[in-house]
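Here are the chains, one letter per residue:
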Amino acid sequence: RRVTRVQHLAQMKAEGEKWSMLTCYDYSTARIFDAAEIPVLLVGDSAANVVLGYDTTIPVTIDELIPLIRAVVRGAPHSLVVADLPFGSYEASPQQALESAVKVFKETGAHAVKLEGGERVADQIATLTAAGIPVMAHIGFTPQSVNGLGGYRVQGRGDAGDQLIADAIAVQEAGAFAVVMEMVPADLAGQITRKLTIPTVGIGAGNETDAQVLVWQDMAGLTHGKTAKFVKRFGEVGTELRSAAEQYADEVRRGTFPAPEHSY
Ligand code: KIV
Ligand code: NA
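Thresholds, definitions, all that
Residues numbered from 1 in each chain as written. Chains lettered and ligands numbered in written order. Predicted model: local features only at pLDDT ≥ 70, side-chain atom pairs only at ≥ 80, totals over all residues. UniProt positions renumbered as here; feature names shortened; annotations may be inferred. Buried ≥ 20, exposed ≤ 12 C-beta atoms within 10 Å, placed from the backbone. Helix = DSSP H or I, 4+ residues; strand = E, 2+ residues; numbered from the N terminus. Core = buried A, V, L, I, M, F, W, Y, C linked by C-beta atoms within 7 Å. Domains from an automatic or database assignment. Contact = placed C-beta atoms within 7 Å. Near = placed C-beta within 6 Å. Nonpolar A, V, L, I, M, F, W, Y, C, P; charged D, E, K, R; others polar. Axes fitted to C-alpha atoms, helices over the stretch in contact; angles between N-to-C directions. Parallel < 35°, antiparallel > 145°, perpendicular 65-115°, else oblique. Left-handed = near helix turned anticlockwise from the far one by under 90°. Pairing = 2+ DSSP bridges. Right-handed = clockwise from strand over helix to strand, strands pointing away. Expected span 1.5 Å × (residues − 1). Arc of directions from axis to C-beta.

The next point concerns the UniProt feature "binding site: Mg(2+)" (unreviewed entry) in the protein chain. In the numbering used here, UniProt assigns the feature "binding site: Mg(2+)" (unreviewed entry) to Asp 45, Asp 84 and Glu 116. With the annotated positions falling across 72 residues, the maximum pairwise C-alpha distance of 10.8 Å places them together in a single cluster. By the C-beta count within 10 Å, which is 30 here, Asp 45 ends up buried. Looking at the secondary structure, you find Asp 84 in strand β3 (residues 80–84).

Structure (structure tokens):
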């Protein structure tokens, strides 16, 4: 089986082959997704929510993400590993973005970084790309800007569609190798996908993007409470894990575990 690197994604777009991306935050899960032949794994700053228990992605730092990125790189030798640059690590200047991305590259072995924003981060994308750091952009709903955007809502409706198109073109021209579009109308996402030469990766962006991404805990049914409309649960890992934990506790309580075959 071949490895996936950034040039393969361009090739897949040229051949009209759709591909998938999942988030991933640890070694055990990385091994499973590598075996499942998921071509691209994103160590998302959504680790803030699903790994660290924060309400938003705003508090998570590069230093918190680095050990997770390293673990995913070790567990998934075939997948392209993309690392999110967290809030506060790239907005100030292209220089700040470069320092952050260089730190991630030197310390983790990730193959690319992702950052949020369109036109406003085009200079950052150009600087990283010139330094040999592949950049995945992220436009539409950008969770690090949740306070500025006024909540979790669909972006690019009506007149805002023109800005979304401008953002998509800006990140492509700056050198991004792909762009995530989050929570945008399906028709607009399709229109942008046909306009761009780089692959688009949708999350809540309909069925006409070149690729799809989901947070793995959402995809596998490990998330509790209400999830977004764009989430489909492809498994019930949470229920399965809870049941395993309950059975284990029960067998310990009843004294049936460990049995002779588990003993030395
Ligand atoms: O951090 C994340 O999980 C993401 C994806 C949802 C695109 O940025
Ligand atoms: Na993210």
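The next subject is the nonpolar core. In this structure, Leu 41, Val 43, Val 72, Val 113, Val 135, Ala 176 and Val 179 are the most contacted members of the largest nonpolar core, which totals 72 residues. Looking at this core, the element that brings in the most residues is helix α4 (residues 62–75), giving six residues.

By the assigned domains, the protein chain splits into domain 1 (6–233) and domain 2 (236–264). Taking the mean C-alpha position of each, domain 1 and domain 2 sit 38 Å from one another. On the side of domain 2, four residues touch domain 1, which itself brings four residues to the contact.

By nearness alone, every residue bordering ligand 1 is listed as Thr 23, Leu 42, Gly 44, Asp 45, Ser 46, Asp 84, His 138, Val 180, Ile 203, Val 213 and Val 215. The class makeup of the residues in the shell around ligand 1 is five nonpolar, four polar and two charged.

Axis separation between α4 and helix α5 (residues 94–108) bottoms out at 9 Å; the angle between their running directions is 40°. Regarding the angle of α4 to α5, the classification is oblique. Between α4 and α5 lies a crossing of right-handed hand. Two secondary-structure elements touch here, α4 through Ile 62, Ile 66, Ile 69, Arg 70 and Val 73 and α5 through Ser 100, Lys 103, Val 104, Glu 107 and Thr 108.

It is at 7 Å that the axes of helix α2 (residues 27–35) and α4 come closest, and there the two elements cross at 40°. Considering the relative orientation of α2 and α4, their crossing is right-handed. Of α4, the residues touching α2 (which contributes Tyr 27, Ala 30, Arg 31 and Asp 34) are Ala 71, Val 72, Arg 74 and Gly 75.

Of all five residues making up strand β4 (residues 112–116), five are buried, and the element is well covered by its neighbours. Across the two faces of β4 the burial is the same, with Ala 112, Lys 114 and Glu 116 and Val 113 and Leu 115 all buried. Where β4 and strand β5 (residues 135–140) come together, four bridges link them in parallel fashion. In the sheet register, Val 113 faces β5, and the bridge partner there is Val 135. In terms of handedness, the path from β4 via helix α6 (residues 122–130) over to β5 forms a crossover that is right-handed.

Further remarks concern the environment of Met 219. The residue Met 219 is located in helix α10 (residues 216–219) in this model. Along the primary structure Met 219 and Ala 36 are separated by 183 residues, whereas in three dimensions their C-alpha atoms are 14 Å apart. Leave out the neighbours within four places in its chain, and Met 219 touches Leu 22, Leu 214 and Phe 234.

Before going further, it helps to examine the UniProt feature "active site" (unreviewed entry) in the protein chain. The positions that UniProt labels "active site" (unreviewed entry) are, in the present scheme, Glu 182. Look past the residues within four positions of Glu 182 in its chain and what remains in contact with it is His 138, Gly 140, Phe 141, Thr 142, Ile 203, Gly 204 and Ala 205.

To continue, consider the sheet that holds strand β7 (residues 200–203). Taken in spatial order, the eight strands close into a barrel running β1-β2-β3-β4-β5-β6-β7-β8, and their pairing is parallel. Going across the sheet, the axis of each strand differs from the next one's by a mean of 25°, ignoring polarity. Relative to β4, β3 runs parallel, the two sharing three bridges. Bridge pairing in β4 links Asp 84 to Lys 114. Most of the contacts of helix α9 (residues 186–195) go to β7, to which it runs at about 170°, and overall it touches β6 (178–182) and β7.

Spanning 15 residues, helix α8 (residues 160–174) covers 21 Å between terminal C-alpha atoms, matching the ideal 21 Å at 1.5 Å per step. Taken together, the buried positions of α8 are occupied by Leu 164, Asp 167, Ala 168, Ala 170, Val 171, Gln 172 and Ala 174. Residues of α8 that are buried sit in contact with α6, β5, β6 and α9. The positive-phi residue at the C-terminal boundary of α8 is Gly 175, with phi of around 115°.

Within α2, the full set of buried residues consists of Thr 29, Ala 30, Phe 33 and Asp 34. Looking straight down α2, one finds its buried side chains confined to an arc of 135°; they lie on one side. In α2, the exposed positions angled more than 90 degrees off the buried face are occupied by Ser 28 and Ala 35. Glu 37 lies just past α2 and shows a positive phi near 60°.

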